[in-house]
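Chain residues, written in single-letter form:
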Amino acid sequence: MEKQDIRKLSADQLKTWLSTNGEQGFRAKQISEWLWKKSARSFDEMTNLSFKTRDLLKEHFEIKAVSVLRKQVSNDKTIKSGFKLFDGNLVEGVLIPADDRMTACVSSQVGCSLTCKFCATGYMPRKRNLDAAEIYDQVVLIKEQAEQHYQAPLTNIVYMGMGEPLLNYAGMLESIEKITSPDGLGWSPKRITVSTAGIAKMIQKLGDDGVKFNLALSLHAANDVKRNEIMPINETNSLKNLATALNYFYKKTGNRITFEYIVFNDFNDSLQDAKELWEFTKKVPAKVNIIEYNPIAEADFINTSEDKLSKFAKFLEDKGVIVNVRRSRGKDIDAACGQLAIKEPTVAA
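Remember, predicted model here, so these are calculated numbers, not experimental data.

**As for unusual backbone geometry**
Backbone geometry places Thr-115, a non-glycine residue, at a positive phi of 50°. Note that Thr-115 resides in the loop between strand 7 (109–110) and strand 8 (128–129). Of note, the phi angle at Asp-266 is positive, near 60°, even though the residue is not glycine.

Here it is, written out as structure tokens:
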């Protein structure tokens, strides 16, 4: 008999199943607490259930827990993990330590379909979406790493790993519900940021759904010609359409958007590029994160010079734009922004 993934059941479905199989319905709440509050990876951990109940659950269900296949620690203390999924597929996640925060960067898909020219994941085929539990497990495992390695709590979560979160809309939203629910990890949604390459209709849907988490747009060029060149998704989601969608999102949620902007040498790092970015920020209430480029073998881009980066940032600041320059972390282990990619074949499940 093929066992069912117990984390796919809703609380009501679990309660009905228990009642049908001679168990008291209140056990559903206990089991859910073990799964989503205490992050149990096996039924044997559920010590307030009888052996008989645990055996019944083992007979019919399984917990398809994500595991750490490998771990690399950078010179700057960034930790990159290769996570093995139940079917043998692999994704990567990163713990990014800083003086004032501990951030988990998690993946939402195995591979990616968007083929952004500067991103290692974009050169991988998209195999499938992750389900909510697989995203949740990454957070829990990275949280444990923060506590074990640095004796510090996890403070932030960013959906900036492998994949496009808005193309896994249901799985992404459900994972955040599990992470933020009082019946789950109890996080504030304000400590969670979802990053998108820019899918206008899904950004509008986020607004309609009234989400409370933060939204970041991977912009990287503020004119359509350049953005089309490095991000093919822009051909069907132009900057004009994105501005409309982002303003709709802002009006519905009140959440200021973050523009992520990687500066490539002699491509998007001139003062004219900065002027175009400033003009785009006037259309959408936003702040700007300027990000160093992290080279990958598949692309010929290189990072801009410190001098041009400083002039670019100063131009925006002088125009009143809120600007943060993000220095890359984990470059020596290919854990920095845009570098995540599985370099070994899928592991047998």
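Moving on from the coordinates now.
**Observations concerning the pairing of strand 4 (residues 79–84)**
By the criterion of burial, strand 4 is predominantly enclosed, with five of the six residues buried. In this sheet, strand 4 lies alongside strand 3 (residues 67–73) in antiparallel orientation, the contact comprising six bridges. Across the sheet, the residue bridging to Arg-70 is Gly-82, located in strand 4. Linking strand 3 to strand 4, which pair antiparallel, is a turn of five residues; within it Lys-77 sits at a positive phi near 80°. Bridge count for strand 4 against strand 5 (residues 90–97) is six bridges, and the pairing is antiparallel. Of the residues in strand 5, the one forming a bridge with Gly-82 is Glu-92. The hairpin turn running from strand 4 into strand 5, its antiparallel successor, is five residues long, and Gly-88 in that turn takes a positive phi close to 90°.

Thresholds applied
- Residues numbered from 1 in each chain as written.
- Predicted model: local features only at pLDDT ≥ 70, side-chain atom pairs only at ≥ 80, totals over all residues.
- Heavy atoms only, no water.
- Helix = DSSP H or I, 4+ residues; strand = E, 2+ residues; numbered from the N terminus.
- Buried < 20%, exposed > 50% of the residue type's maximum accessible area, 1.4 Å probe, protein only.
- Pairing = 2+ DSSP bridges.

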